[in-house]
Amino acid sequence: MHGYSRLGRPSTPSPPSSPRFRHGRSKNAIVGGSTVGGGFKGGGGGDVKLQNFVERLVYMVVAGVYRRRGVLLFAPLLYISGMLLYMGSLGFDMVVVSDRVSGKAAPLGSVYRSPQVFERLWPFMETENNGSSSNALMHAWNPRLRQVWKPCLNHSFSEAGLKGRARSTTTTDNIRGRAFKGMPEAKANCIPSQAKKNPKNLFNAMAQSWEGWSSCSNSSRKDSAISISDAVAVAGLLNATLVIPIFHLNSVWRDSSKFGDIFDEEFFIYALRNHVNVIKELPENTLQRFNYNISSIVNLRVKAWSSPAYYLQKVLPKLVAMGAVRIAPFSNRLAHVVPSNIQGIRCLANFEALRFSEPIRILAAKMVDRMVRNSSKSGGKYVSVHLRFEEDMVAFSCCEYDGGEEEKREMDIARERSWRGKFRRRGRIIRPGAIRMDGKCPLTPLEVGMMLRGMGFDNTTSLYVAAGKIYKAEKYMAPLKKIFPRLETKDTLASPEELAPFQGHSSRLAALDYTVCLHSEVFVTTQGGNFPHFLMGHRRYLYGGHSKTINPDKRKLALLFDSPDIRWETFKRQLQEMLHHSDVKASELRKPSGSLYTHPMPDCMCKQADVRNEADLTR
């Protein structure tokens, strides 16, 4: 699955050499104005013969390179050499490490060498602990690289219209968001609006998310927020009334949280009132019609990424005919490309209506305020990192670190427990070194720390780590704490008493992580997935179209971390270029096949006529 070359053997023989070179074989060829065939009668004949031999040798090399077979043989070598030169890994900084047992050079990436790199670079890091004046946190983003956008949703609602709603006195009371990792499966129930057309017809769309998801298989990961927002959009398209989603108990996270435990139900209903009618429960007459059994409502199997036309032509007629239908599962059941009015409902649902419940908002606001106070040396700014180094993530990646046989045994057990033979299938070849060089290995806490220090974040930087249970946390988190002494997690930022109501509910704990990351000056994603992708979109929505996110080039990082003798100047230069690249890419517009939830421009945001100062983009 890794390491195979794209170049095969040519299917046709190489063409003959050019006739232009054939005259060189003539005995009467002239070299330097003399006849080579007869040679010189003087003592210089040997020199002429030697010159003739050298020229013929050069001719053979040039002819071979220009033949088709020669080009194919040299092309991979030239490409790899060019890439290594570009990444700064050749020249005086290239290191070839030999296998101590066999004496042979170890393949790139086959050994976890980051600790050796850290040992070499740590003295240089210590000498650059100069305080906030030189901290990259103060000048991480260049406002001249981007245009300023602002939300342009056509809606209006105010807190004054929400009767009986308690308000927090903190400055971050308006924190909005949604939980991702650990979100239970959801059912979004809809019925046609009783105040509009077809008052007797009922629509029940069930958004069942995260079906069959595991924490490491991002390709099959489903997300409740996507399902809920898409269900709102479909309800608006079909003129239906949405029923507050019912969450199913997730088989992986075992979280029994209900919609109201995670999201603010009243605010959700109120925010959508001008676009989609939302109710908390199915009406009594509907329940009676189906014998109080929701499973009695017919379930339509809608194909993934269905277009609005499909819903209007296939779903709506059955809705009208039967009075009520279900769609389960509902994950990824609406196409990316939809009419602008439906896209606007998506934006409204995702970025405005899905606000966390009051208990989550209150504690999250306290945690954000504490991070700001702890970051006084950097003007209240802090860095947040989404660290994916849990045991199941490490096991699924098939990457090897420095745990030896004990680590291999633990990973084999974890893989068998979660994926039952998937990694032992016949013909499956696992190459940990190739996986690492392809940028697919989860970054360790040590690697994250070295990356940030190379980018210019000094030891005065306040760092918040959003993560699950880190694999061998005592061992792997120690270097990161050494590099960034001002490190916090939800367990250190909140007291055990404050976290007690959330323990055992991974979705609510994830909501706390999400909120602290949302309001950081810099967000660092390390492994992809919906959590960072949605944060990038939400941060674009809040911060003038700029995600303020470091999305590192992990292939380039793999080369840097595989060079134990790399110089500090080279290391810093490469990482500062990576930071600049993240800054440039942070203001990307949505492509036709892209997700609205990651790239809200231009569907949810409008370009401003005047460019604001950088200070206006901060909280």
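Predicted model only: the values in this text are computed from it and were never measured. (Residues numbered from 1 in each chain as written. Predicted model: local features only at pLDDT ≥ 70, side-chain atom pairs only at ≥ 80, totals over all residues. Heavy atoms only, no water.)

**Looking at the overall build of the chain**
Next up, step 1: Counting its regular elements, the chain contains 21 helices and 14 strands.
Next up, step 2: Within the chain, the proportion of its 619 residues that are buried is 50%.
Next up, step 3: Of all intrachain contacts in the chain linking residues separated by at least 6 positions in sequence, the fraction that spans at least 24 positions is 80%.
Next up, step 4: Put simply, the chain shows about 29900 Å² of open surface, and 54% of that area lies on carbon and sulfur atoms. (Helix = DSSP H or I, 4+ residues; strand = E, 2+ residues; numbered from the N terminus. Buried < 20%, exposed > 50% of the residue type's maximum accessible area, 1.4 Å probe, protein only. Contact = heavy atoms within 4.5 Å. Areas by Shrake-Rupley, 256 points an atom, 1.4 Å probe, with all protein chains shown as cover.)

**Brief notes about the state of the cysteines**
Next up, step 1: Counting across every chain of the model gives three disulfides.
Next up, step 2: Here Cys 152 connects covalently by a disulfide to Cys 606, the sulfurs 2.3 Å from one another. Of note, the bridge from Cys 152 to Cys 606 carries an S-S torsion of about 95 degrees and is right-handed in sense. Here the residue Cys 152 occupies a position in the loop between strand E3 (149-151) and strand E4 (185-192), and Cys 606 occupies one in strand E14 (residues 605-607), the gap between them amounting to 454 residues.
Next up, step 3: Overall, Cys 152 belongs to the partly exposed group, its relative accessible area being 30%.
Next up, step 4: Residue classification places Cys 606 among the partly exposed residues on the basis of a relative accessible area of 31%.
Next up, step 5: A sulfur-sulfur distance of 1.8 Å marks the disulfide that ties Cys 347 to Cys 604. For the disulfide bridge between Cys 347 and Cys 604, the dihedral angle about the S-S bond is near -70 degrees, and by the sign convention the bridge is left-handed. (Disulfide = S-S within 2.5 Å.)

**Some details on the packing of helix H4 (residues 224-237) against helix H9 (residues 340-353)**
Next up, step 1: Two numbers describe how H4 lies on H9: the axes approach to 8 Å, and their chain directions differ by 140 degrees. One element, H4, and the other, H9, form an angle in the oblique class. For H4 against H9, the interelement crossing comes out right-handed. Between H4 and H9, the contacting residues are Ala 225, Ser 229, Asp 230, Val 232, Ala 233, Gly 236 and Leu 237 on the first element and Ile 342, Ile 345, Arg 346, Ala 349 and Asn 350 on the second.
Next up, step 2: Taken together, the residues of the contact of H4 with H9 break down into seven nonpolar, three polar and two charged. (Axes fitted to C-alpha atoms, helices over the stretch in contact; angles between N-to-C directions. Parallel < 35°, antiparallel > 145°, perpendicular 65-115°, else oblique. Left-handed = near helix turned anticlockwise from the far one by under 90°. Nonpolar A, V, L, I, M, F, W, Y, C, P; charged D, E, K, R; others polar.)

**Quick look at the packing of helix H20 (residues 554-561) against helix H21 (residues 568-585)**
Next up, step 1: Between H20 and H21, the least distance of the axes is 11 Å, while the angle of their chain directions is 170 degrees. In terms of orientation, H20 lies roughly antiparallel with respect to H21. Taking contact as the criterion, the partners of Lys 556, Leu 557, Leu 560 and Phe 561 in H20 are, on H21, Phe 571, Gln 574, Leu 575, Glu 577 and Met 578.

**Considering the packing of aromatic side chains**
Next up, step 1: Within the structure shown, the criterion is met by 19 aromatic pairs.
Next up, step 2: Taken together, a centroid distance of 4.7 Å and an interplanar angle of 10 degrees make the contact between Phe 351 and Tyr 541 stacked. Linking Phe 351 in helix H9 with Tyr 541 in helix H19 (residues 530-542), this pair joins segments that are 190 residues apart in sequence. We note that Phe 351, like Tyr 541, is buried.
Next up, step 3: A network of ring pairs unites the aromatic residues Phe 259, Phe 263, Phe 268, Phe 356, Tyr 514 and Phe 531 as a single cluster.
Next up, step 4: Over the face of the ring belonging to Tyr 270 we find Arg 273, whose NZ or CZ atom lies 4.0 Å from the ring centre.
Next up, step 5: When the ring centre of Phe 267 is taken as origin, the NZ or CZ atom of Arg 355, which lies over that ring, is 3.9 Å away. (Phe/Tyr/Trp six-rings, centres within 6.5 Å; stacked < 30°, edge-to-face > 60°. Lys NZ or Arg CZ within 6 Å of the ring centre and 35° of its normal.)

**Quick look at the pairing of strand E10 (residues 463-466)**
Next up, step 1: Alternating positions in E10 separate into two faces, Leu 463 and Val 465 on one and Tyr 464 and Ala 466 on the other, with burial throughout.
Next up, step 2: Sheet topology places strand E9 (residues 383-386) next to E10; four bridges connect them, and they run parallel. Note on E10: the bridge partner recorded for Ser 384 is Tyr 464.
Next up, step 3: Relative to strand E11 (residues 487-488), E10 runs parallel, the two sharing two bridges. Bridge assignment links Leu 463 to a residue of E11, and that residue is Leu 487.
Next up, step 4: In the classification by handedness, the crossover that spans E10, the intervening helix H15 (residues 473-483) and the parallel E11 is right-handed. (Pairing = 2+ DSSP bridges. Right-handed = clockwise from strand over helix to strand, strands pointing away.)

**Remarks on the pattern of salt bridges**
Next up, step 1: Evaluation of the coordinates by the stated rule reveals 24 salt bridges.
Next up, step 2: Among the salt bridges present, the one from Glu 410 reaches Lys 472, with a minimum N-O distance of 3.6 Å. Of this pair, Glu 410 sits in helix H12 (residues 404-419) while Lys 472 sits in the loop between E10 and H15, and the two are 62 residues apart along the sequence.
Next up, step 3: With a relative accessible area of 22%, Glu 410 lands in the partly exposed category.
Next up, step 4: Residues joined in a network through salt bridges with shared partners are Asp 264, Arg 355 and Arg 361. (Salt bridge = Lys/Arg side-chain N within 4 Å of Asp/Glu carboxyl O.)

Read these as layout, nothing more, since geometry by itself doesn't imply function.
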